[in-house]
Amino acid sequence: MSFRWKIFLGIAVSVAAVVWLVVFLVSSSLTQVFEAREKRLTATLSAQFEREFARRGRELQARLKALASTQRVLEIPGQTDYAPLVDAAGALSEGLGFDFFEIVATDGSIISSAHWPARFGYKEDWILQPNRSGKPFVRLEELPNQSKQLALFAVERAFSGSNYVLLAGGVRLDESFLENIALPDGMAVSLNRQSLPDGAAVTPFPLKDNAGVELASIYLGQSRKELDVLQDAVRQAGYRIGGIGVFLGALFSLWFSSSVSRPLRRLAETVQRVALGDWDARATETSSDEVGRLATDFNSMTEQLAGQKSRMIQAERVAAWRELARRLAHELKNPLFPLQLTVENLRRSREAKPEVFNEVFEESTRTLLAELDELKTIIGRFSDFARMPAPTFEPVDINQIVQEVVRVPMSEQVTVKLELGERLPMVDGDPEQLRRALRNLALNAMDVMPNGGTLTLRTSLATGGRVRVEVSDTGQGLTPEECSRLFTPYYTTKQHGTGLGLAIVQSVISDHRGTIAVESEPGKGSTFRLELNRYEQIAARG
Amino acid sequence: MKRRAFLCLAGSSLATPGLIRARPRYGGTLRVFPDSLLQSALETLLPEVCEPIQQDAARRMWIVTPKPGILRHDKTALNAEAVADMVKAKAPGQVGVTVSGKSVLVTAAKPSVDVLEMLQERIEVDCGPFRARRESGASFAEAFEEHWEGRPFLDRIEMARAATGADVAELAPAAVRQFRSADHYLWSTLPIQLLAIDGSSLSAETRTALSLAIDREAIVRFLLQGHGEIAGGLLPQWASGWAFLFSTQRDVAKARSFARATPIALGHSAADRLIGERIALNARDAGFDVRPVLSRQTGATLVRLELPRVSSYEAERAALDERGLIPIAHVPRIFAIHKQVRGWPAEGEASQDKRIGEPRFADVWLAPV
């Protein structure tokens, strides 16, 4: 991932995280505020319920009391035959708003029931309990269809002298009862929890009878719609702000990353140029910040390295001349010494034994000629090495070069094996020099396998788009020390080698701005690995 | 309700001292309540227009002979062919019907008591003193001028909206105490109906348990307001003389000893709703789950039946078991009669025979205000 993308993502994630955090905190605060409001409303409504119950109870009680003082009711106590009264409850309670009304004798038996007329004579034991008089209460009243109805009941005594009957009146505690309770907006109350709106916060109010037994509950539903709307609004605002933030962050990060990464990118390009050998490349020092200082330091470092390289080249050149002089002296010394001896022997023979001079002369001239040939050969080799021309670059099919190299007759004892990569790019090089370098490597490999073996030439695509060529043998291999000195001119591991073969190879590869390396272990053969630039790279660079 | 075997109300009203004092008057509209009374005015059964139905000893052949000179409401003569068509329509394919001269020969493949009952009680003929009419969506009965016994006194009989607005209103026993009118007097028949549970779909054991669980005394005393008699058998004591042999005692403990049945739906009419609910309460005391339902299409049904004909205690006991009935009470029919209505026996004027029959509107007339 590029530096620019990293900056962009970092800013975008930061903006989104901040927006989410703000939305979360605002939503949490809203929820807390609403919950506190719900608690206050719930407490208020709880008190309102109690007041409403008390009010309804007082109304109930008052109606019963008024009924108990009517003449028609006062005629009931003391009667011995209740049969004519079997439908009295319905007639007496008509229009008084009772859902339940019963006239009960002092022993608890029903004289008349308005809501269940057939139930006369049955006992209502609950009505005789001491806590049933004076204060309204909640009870579950059984209905003819065997269901039970929650009701608010009150009991009143109707006296006629010392005789009395009990009047029990009740109203249904149902949804219509609850409809009369004033509720603030967004609140609902029901006896059925399922009838409240989905998502409402529900608070139950237990309804207990006088004995404290819970009979049912009234459920108060606090709509969370307002909170949901607010939270939605906050979330929507968060999304919008987040989206805008991410968009602006993207623009800012693009500008910022561009301004930050541009000097770095230029510095990286300069580094790449230096790496490719352009020691004159210099980074642009556009600012005085860390990046600017880095460019300055890089330029300073490059200048120092260029100087060191120049000095190293000078030193190497001196060393090379010294080595060349040494080798030249050594090479020339070897044939010169026999030449000197032969000339001295010839002179001594002419002075001491003139009779065999001719014979000696013949032999000596042959020797002189042979040594002079040797001298010419040596000089020719040096001349060849010195005459290495500059390569003429053109697109080269490396696989074709390799195939041409192995087409030259080689030892019959050596097996040649080709492993050529497919769809390799063209190499930027001089085909003649590359052919010569590879032939040298192949001949060297043949030389290290006098008893036969396998010569493998392999081509493939290397990292960085370069083309790799490997020449492997199955010879005796090289020690690490031999490997380190292998490309030194005039160093040879062979008895009759000049030590210039691999130096020429290295010179060719170097002229092609490629690399050469050797990998070897004693007893396991050696592999020479060449990496050459593809044609486009050179073209682009040039 | 269709039975005419008992004495009619006003057939002999002209002979009563009260009517001797006043001359019958034609014309006027009689308002009745409820609509069942209007239906009664329109109904005429086959025996009323025929000679006594003859039956052979093997109970496989019956001879029905229409009386001569009777016109139907469409003013065609009621002859043997018309009667034969009526019989065929009532019992298609069940009996053989052949016209033989002025008579109709009805035959059955095997001995039957049901055919005679059908001929006597289920075949209505359109030859009555009133014929059905409809005007502005309302039904009423109109006097049939060509009635074979002569035109009825009333021009028309129509329905009233409430008992207090009717000239003749039949009251439920529980409503008698509440009915208050200075212009009406009450008149009741003897207990001529059996209030019972038709439990033919219940097991005999369940019927026994329910019978033991029902508090008949409370039903008669409170819900029927004393207008009726506790019943353990099909016939009341005045009709059979052996009714006391049937137990009517409530024994909840014994009822509980019987196996519990599955929930029982007890159908009832609107008039008998409280009785149904009371029975359900009583049954619950004995551990039964009886649910009163305003319907006739239930497993057990609260019914009011005409008194059957039985000749002995054993026959009555057998009939009781065979029909799967749980008797509750014998109840009278109670009417509120407007003082303007004549031809209806006044309280204390009617003999016992007149207190066990259907009202006969052909004899009723309205005195001027």
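Just so it is clear, the structure is predicted and the values come from calculations on it, not from any experiment.

Attention shifts here to the overall build of chain A. Secondary structure summary: chain A contains 12 helices and 15 strands in total. A buried classification covers 39% of the 542 residues belonging to chain A. Of all intrachain contacts in chain A linking residues separated by at least 6 positions in sequence, the fraction that spans at least 24 positions is 63%. Surface exposure of chain A reaches about 30,700 Å², of which carbon and sulfur atoms provide 54%.

Within chain B, the regular secondary structure consists of 11 helices and 19 strands. Among the 369 residues that make up chain B, the fraction classed as buried is 49%. Intrachain contacts of chain B at a sequence separation of at least 6 include 76% that bridge at least 24 residues.

Residue and element names in this part refer to chain A. Together, Arg4, Arg262, Arg265 and Arg266 make up a region of like positive charge exposed at the surface. At three residues, helix α5 (residues 225–275) tops the list of elements feeding residues into the positive patch. Relative to the elements of secondary structure, Arg265 occurs in helix α5. You can call Arg265 partly exposed: its relative accessible area is 40%.

Moving on, we get to the interface of chain B and chain A. With 19 residues of chain B at the interface, the matching set in chain A holds 16 residues. Between the two partners, chain B and chain A, sit two salt bridges. One salt bridge connects Asp81(A) with Arg221(B), and the closest N-O pair in it is separated by 2.6 Å. Where chain B touches chain A, the interface holds nine residue pairs in polar contact (both at pLDDT 80 or more).

This next bit is on the pairing of strand β15 (residues 526–532) of chain A. Within a regular strand, the side chains alternate between the two sheet faces. Residues and elements named next belong to chain A. Of all seven residues in β15, six are buried; the element is thus mostly enclosed. Across six bridges, strand β13 (residues 467–472) lies against β15 in antiparallel orientation. Bridge pairing in β15 links Glu470 to Arg529. In the sheet, strand β14 (residues 515–520) pairs with β15 via six bridges, with the strands oriented antiparallel.

This model, assessed by the stated rule, comprises 17 aromatic pairs over all chains. Geometrically, the ring pair formed by Trp20(A) and Phe24(A) is stacked, given 5.4 Å between the ring centres and 10 degrees between the ring planes. One end of the pair is Trp20(A) and the other is Phe24(A), both in helix α1 (residues 3–68) and four residues apart, which spans about a single turn. Owing to a relative accessible area of 55%, Trp20(A) belongs among the exposed residues under this scheme. On the basis of an interplanar angle of 70 degrees and a centroid distance of 6.1 Å, the ring pair of Trp344(B) and Phe361(B) is categorised as edge-to-face.

Bringing a nonpolar patch on the surface into the picture now. Taken together, the side chains of Ile244(A), Phe247(A), Leu248(A), Leu251(A) and Leu254(A) present a nonpolar region at the surface, about 500 Å² in accessible area. Along the chain, Leu254(A) falls in helix α5.

Residue and element names in this part refer to chain A. Spatial strand order, β6-β8-β7: three strands in an open sheet with antiparallel pairing. What marks the edges here is a single partner per strand, and that holds for β6 (187–190) and β7 (201–208). Across this sheet, the average inter-strand angle for adjacent strands is 20 degrees, counted without regard to direction. In this structure, β7 lies alongside strand β8 (residues 214–222), joined through eight bridges in antiparallel fashion. Within β8, the position partnered with Phe205 by the bridge is Ile218. Docked against the sheet, α1 engages β6, β7 and β8, running at close to 135 degrees with respect to β8.

The next subject is unusual backbone geometry. Residue Phe33(B) is joined to Pro34(B) through a cis peptide bond whose omega torsion reads -5 degrees. Following the sequence through the fold, Pro34(B) ends up in the loop between β1 (29–33) and α2 (35–42). With phi around 70 degrees, Gln146(A) is a residue other than glycine that occupies positive phi space. On the secondary structure map, Gln146(A) appears in the loop between β3 (137–142) and β4 (148–160). Assessed through its relative accessible area of 30%, Gln146(A) is described here as partly exposed. One non-glycine residue, Lys75(B), adopts positive backbone phi at about 65 degrees. When you line up the elements, Lys75(B) lands in the loop between β3 (61–64) and α3 (80–90). The exposure class assigned to Lys75(B) is partly exposed, which follows from its relative accessible area of 48%.

With respect to the helices and strands, Thr270(A) occurs in helix α5. Setting aside its immediate chain neighbours within four residues, Thr270(A) contacts Ala281(A), Arg282(A), Ala283(A) and Phe298(A).

Once that is clear, we can look at the sheet that holds strand β13 (residues 264–267) of chain B. Residue and element names in this part refer to chain B. In spatial order, the strands read β12-β16-β11-β15-β13-β14; together these six strands make up an open sheet with mixed pairing. Unpaired on one side and paired on the other, β12 (229–230) and β14 (290–293) mark the two borders of the sheet. Of the strand pairs in this sheet, strand β11 (residues 193–198) and strand β15 (residues 300–306) are connected by six bridges, and their pairing is antiparallel. Across the sheet, residue Gln193 finds its bridge partner in β15, namely Glu306. This element, helix α7 (residues 216–223), spans β12 and β16 (325–331) of the sheet and lies at about 30 degrees to β16.

For α2(B), the complete set of buried residues consists of Leu37(B), Leu38(B), Ser40(B), Ala41(B) and Leu42(B). On its buried face, α2(B) sits against β1, β6 (130–135), β7 (138–143), β8 (156–159), β9 (168–171) and β17 (334–338) of chain B.

With that settled, the discussion passes to the side chain of Asp167(B). Residue and element names in this part refer to chain B. Inspection of the secondary structure assignment puts Asp167 in the loop between β8 and β9. Here Asp167 falls in the buried class, since its relative accessible area comes to 3%. Those residues in contact with Asp167, other than ones at most four positions away along the chain, are Thr29, Leu30, Arg31, His184, Ala336, Ile337, His338 and Val341.

What follows deals with the state of the cysteines. Residues and elements named next belong to chain B. Applying the stated criterion to the full structure yields zero disulfides over all chains. Looking at the unpaired Cys50, the closest cysteine sulfur is the one in Cys127, lying at 8.8 Å. Cys50 gets classed as buried once you look at its relative accessible area, which sits at 4%. A relative accessible area of 0% places Cys127 in the buried class.

Moving on: the packing of helix α8 (residues 398–407) of chain A against helix α9 (residues 431–447) of chain A. Pairs of packed helices are described in terms of their axes, by the angle between the two and the distance that separates them. All names here are of chain A. In the contact formed by α8 and α9, the axes pass within 9 Å of each other and the chain directions differ by 50 degrees. One finds that α8 runs oblique with respect to α9. Note on packing geometry: the crossing formed by α8 with α9 is right-handed. Listed contacts from α9 to Ile398, Ile401, Val402, Glu404 and Val405 of α8 are Pro431, Leu434, Arg435, Leu438, Arg439 and Ala442. When grouped by side-chain class, the residues that make up the contact of α8 with α9 number eight nonpolar, no polar and three charged.

One pass over the structure, following the stated rule, counts 36 salt bridges over all chains. A salt bridge links Arg139(A) to Glu141(A); its shortest N-O distance comes to 2.0 Å. Asp167(B) is paired through a salt bridge with Arg31(B); the nearest N and O atoms lie 3.3 Å apart. A residue pair is termed long-range when its members are at least 10 positions apart, and Asp167(B) in the loop between β8 and β9 and Arg31(B) in strand β1 qualify at 136 residues. On the basis of relative accessible area, Arg31(B) is assigned to the partly exposed category, the value being 36%. Taken together, the shared-partner salt bridges in this structure form one network comprising Lys417(A), Glu419(A), Arg458(A), Glu470(A), Glu519(A) and Arg529(A).

Quick look at the environment of Ser247(B) now. Structurally, the position occupied by Ser247(B) is in the loop between α8 (237–240) and α9 (252–256). A relative accessible area of 51% means that Ser247(B) is categorised as exposed.

The rules behind each value
- Residues numbered from 1 in each chain as written.
- Chains lettered and ligands numbered in written order.
- Predicted model: local features only at pLDDT ≥ 70, side-chain atom pairs only at ≥ 80, totals over all residues.
- Heavy atoms only, no water.
- Helix = DSSP H or I, 4+ residues; strand = E, 2+ residues; numbered from the N terminus.
- Buried < 20%, exposed > 50% of the residue type's maximum accessible area, 1.4 Å probe, protein only.
- Contact = heavy atoms within 4.5 Å.
- Areas by Shrake-Rupley, 256 points an atom, 1.4 Å probe, with all protein chains shown as cover.
- Patch = residues over 30% accessible without salt bridge, like charges linked within 9 Å, V, L, I, M, F, W, Y side chains within 5 Å.
- Salt bridge = Lys/Arg side-chain N within 4 Å of Asp/Glu carboxyl O.
- Lys, Arg positive; Asp, Glu negative; His and termini not counted.
- Charge placed at Lys NZ, Arg CZ, Asp CG, Glu CD.
- Polar contact = N/O pair within 3.5 Å; in protein donor to acceptor, adjacent residues only side chain to side chain.
- Pairing = 2+ DSSP bridges.
- Phe/Tyr/Trp six-rings, centres within 6.5 Å; stacked < 30°, edge-to-face > 60°.
- Axes fitted to C-alpha atoms, helices over the stretch in contact; angles between N-to-C directions.
- Disulfide = S-S within 2.5 Å.
- Parallel < 35°, antiparallel > 145°, perpendicular 65-115°, else oblique.
- Left-handed = near helix turned anticlockwise from the far one by under 90°.
- Nonpolar A, V, L, I, M, F, W, Y, C, P; charged D, E, K, R; others polar.

Any link to function would need more than the numbers given here.
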